[in-house]
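If you want the building blocks of each chain, they are given just below.
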Amino acid sequence: MTPFVFQCGTPPVPISLTDVPLTSASPIPTVEECDALFSAIGTVVDARVIVLGDDAALAAVLTRLMRTERLHVELAYVPDSATAACHIYRLGTGARAAKVAMTGTATPTPLIRDDAGKAVVGRAVVHGSGERLEGEAYVDDTQLFSGTAPGVEVVPTPEMPGLKARVTGRRRLFRYRWVAGRAMQLGAMAAQLIRDGVPGDREVKRSTFYRHDQEWLLVR
């Protein structure tokens, strides 16, 4: 295994990673910054990219790996504080995560993306342009809602079928139940997307989140 640290923004570099080659980038790395890292990796066959940053940074790197057909590259994640992806994949933070990044095993993991070609590693939220989301949504063949709802949240799962989704908010005393599946499809009058904390740049009328046909290699 040949490690490369990708520092997204200014998170601290754990002591155990100070001797690993480091590339700096924006808090959400750009296409150009990701490609510069991949150029540095070159033809290394056992490369492991260690992402220092938050879920948005990890998602940006994974998106670029997917789009450039480099999903054979191992990804390790070292956030400074707990994130949605940490909870989903049962990962640590700081020095503990850095140790796993150097000694852990890369495990094939379902890759969740949307129809815009962007990966989601922690949580995606869909809500209406006003107070309510108007339309309908399904996970595979199961209806999440039809009519209006506060919104819909989608999260990856570390095992098959790959994702789960639910209506946000509460119904009487209980939250809406999670529904697991391969894909969540939404049709709406107007919807806004937030992927791993990053708002989309425009409203959409249709959106699909689904399991990619290839897995990614997450170090755990």
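Residues numbered from 1 in each chain as written. Predicted model: local features only at pLDDT ≥ 70, side-chain atom pairs only at ≥ 80, totals over all residues. Heavy atoms only, no water.

**Overview of unusual backbone geometry**
The linkage connecting Met 160 with the following residue, Pro 161, adopts the cis geometry, with an omega of 10°. Structurally, the position occupied by Pro 161 is in the loop between β11 (152-156) and β12 (163-167). At Asp 196, a position not held by glycine, the phi torsion is positive, near 50°. As for its position among the elements, Asp 196 is in the loop between β16 (183-195) and β17 (198-199). In this structure Asp 196 comes out as buried when scored by relative accessible area, which is 11%. (Helix = DSSP H or I, 4+ residues; strand = E, 2+ residues; numbered from the N terminus. Buried < 20%, exposed > 50% of the residue type's maximum accessible area, 1.4 Å probe, protein only.)

**Observations regarding the pairing of strand β9 (residues 133-139)**
Pairing between β9 and strand β10 (residues 142-149): seven bridges, direction antiparallel. Residue pairing for β10: Ala 137 is matched across the bridge by Phe 145. In textbook terms, the turn of a hairpin is the stretch between consecutive antiparallel strands, and for β9 and β10 this stretch comprises two residues, one of which, Asp 140, has a positive phi near 50°. Bridge count between β9 and β16: five bridges; the pairing is antiparallel. Note that in β16 the partner of Ala 137 across the bridge is Leu 186. (Pairing = 2+ DSSP bridges.)

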